[in-house]
Amino acid sequence: MSIRVGVVLDPIDQIKPHKDSTYAMMLEAQRRGWTVLVMEQQDLYLTDGTAFGRGREITIFDDESPWYSLTAPIHAPLSQLDVVLMRKDPPFDMEYVYTTYLLERAEQHGLLVLNRPQSLRDANEKLFTAWFPQCCAPTQVARDPALLRAFLRDQQDIVIKPLDGMGGASIFRVGANDPNISVILETLTDHGKRFAMAQRYIPDIASKGDKRILLVDGEPVPYALARIPAPGESRGNLAAGASGVGVELSDRDRWICAEVAPELRRRGLVFVGLDVIGDYLTEINVTSPTCIRELDALFGLNIAGSLCEAIERRLKHDGR
């Protein structure tokens, strides 16, 4: 099946092939004989209601340096492609939102966009867990510091974080008698002007880590990457110094995936990363989930291959 795939991503020279999931996706697409064109946000534009892209065809040289070459840019309607992968990393700012509007126009002209643009806007990676309260530890989202203080009194030990953070940025663990609680709440809520999320602290993170579970079209990869916090840290983020350990999914992990999967499919969220600590779902990553390369290397998997097969099924279903 000859497929033309566009990939919206951050600057190509920022990619680290040994750990980048987008690289794994592009490499697998190339192995299948697909044509891959890369675009940054600045390469997208809208003319008279039609979404265009200025794409460069990429050729990847696996395990070599330099690892890619690019053709001259080609201007064309995005709908001339078969599929676009939205792999731009956060921040999830208004420029990101505007990009999803352009991609949605192309979707309305018949293009398959993964993940679906409207769902990228709707499914905040912190707040989307509220759709699955049966899977989560006690959680509160509020702007009012008094409400967050009351939640802390009830739970005694909490994690509090902004709704738009990534990579462990601005995540605080707070105990009932923490002398810094006032300044933490003032900072995260901007004196009551911004929402913050508080969750009961889950002690399992210290020994078992924060598991990243990948789902492809609702089907979980059978292994997860448990990110164990560095000594003196409470954050299970690789960007915060955590170390990754491969683990098999538990029965509880699989139950959480089964609870979440139907809604992911309904919303067109085809490649998703769940963050699970102990028995609890903590985040649902829909923008640009990672850990393909690490899990492939640890367990001999081909996660990008499963994604490509899911794309082929969807294109066949759509008659393309």
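Scroll up a little and you will see the structure.
This write-up is about the structure you can find in this document. (Residues numbered from 1 in each chain as written. Predicted model: local features only at pLDDT ≥ 70, side-chain atom pairs only at ≥ 80, totals over all residues. Heavy atoms only, no water.)

## A short note on helix H1 (residues 21–31)
Phase 1: Buried residues dominate H1, accounting for 9 of its 11 residues.
Phase 2: Those residues of H1 that fall on the buried side of the exposure criterion are Ser21, Thr22, Tyr23, Ala24, Met25, Met26, Leu27, Glu28 and Ala29.
Phase 3: Put simply, Asp20 is the residue that caps the front of H1, since its side-chain oxygen is 2.9 Å from the backbone nitrogen of Thr22.
Phase 4: Remark: Gly33 follows H1 within two positions and exhibits a positive phi of approximately 85°. (Buried < 20%, exposed > 50% of the residue type's maximum accessible area, 1.4 Å probe, protein only. Helix = DSSP H or I, 4+ residues; strand = E, 2+ residues; numbered from the N terminus. Polar contact = N/O pair within 3.5 Å; in protein donor to acceptor, adjacent residues only side chain to side chain.)

## Considerations on the sheet that holds strand S12 (residues 196–200)
Phase 1: The sheet built from 4 strands is open, its strands ordered S9-S12-S10-S11 with antiparallel pairing. Strand pairing shows two members of the sheet lacking a second neighbour, strand S9 (139–142) and strand S11 (172–175), which therefore form its edges. In this sheet, neighbouring strand axes are inclined to one another by 25° on average, regardless of whether the strands run parallel or antiparallel.
Phase 2: One ladder, built from 5 bridges, connects strand S10 (residues 157–162) with S12; its direction is antiparallel. Paired with Ile160 across the two strands is Ala198, which belongs to S12.
Phase 3: Together, S10, S11 and S12 form the strand contacts of helix H5 (residues 181–189), whose direction differs from that of S10 by roughly 30°. (Pairing = 2+ DSSP bridges. Axes fitted to C-alpha atoms, helices over the stretch in contact; angles between N-to-C directions. Contact = heavy atoms within 4.5 Å.)

## Overview of the nonpolar core
Phase 1: Ranked by size, the top nonpolar core spans 38 residues in total, and within it Met26 and Ile311 carry the most contacts.
Phase 2: Counting residues per element, this core draws most heavily on helix H9 (residues 303–317), at 7 residues.
Phase 3: Membership of the second largest hydrophobic core comes to 37 residues, among which are Phe128, Ile213, Ala224 and Ile284. (Core = buried A, V, L, I, M, F, W, Y, C linked by side-chain atoms within 4.5 Å.)

## Topic: the environment of Phe92
Phase 1: Note that Phe92 resides in the loop between strand S7 (83–86) and helix H2 (94–108).
Phase 2: The contact partners of Phe92, leaving out residues within four places of it in the chain, are Val97, Leu120, Arg121 and Thr287.

Spatial relationships are all this shows, so hold off on functional conclusions.
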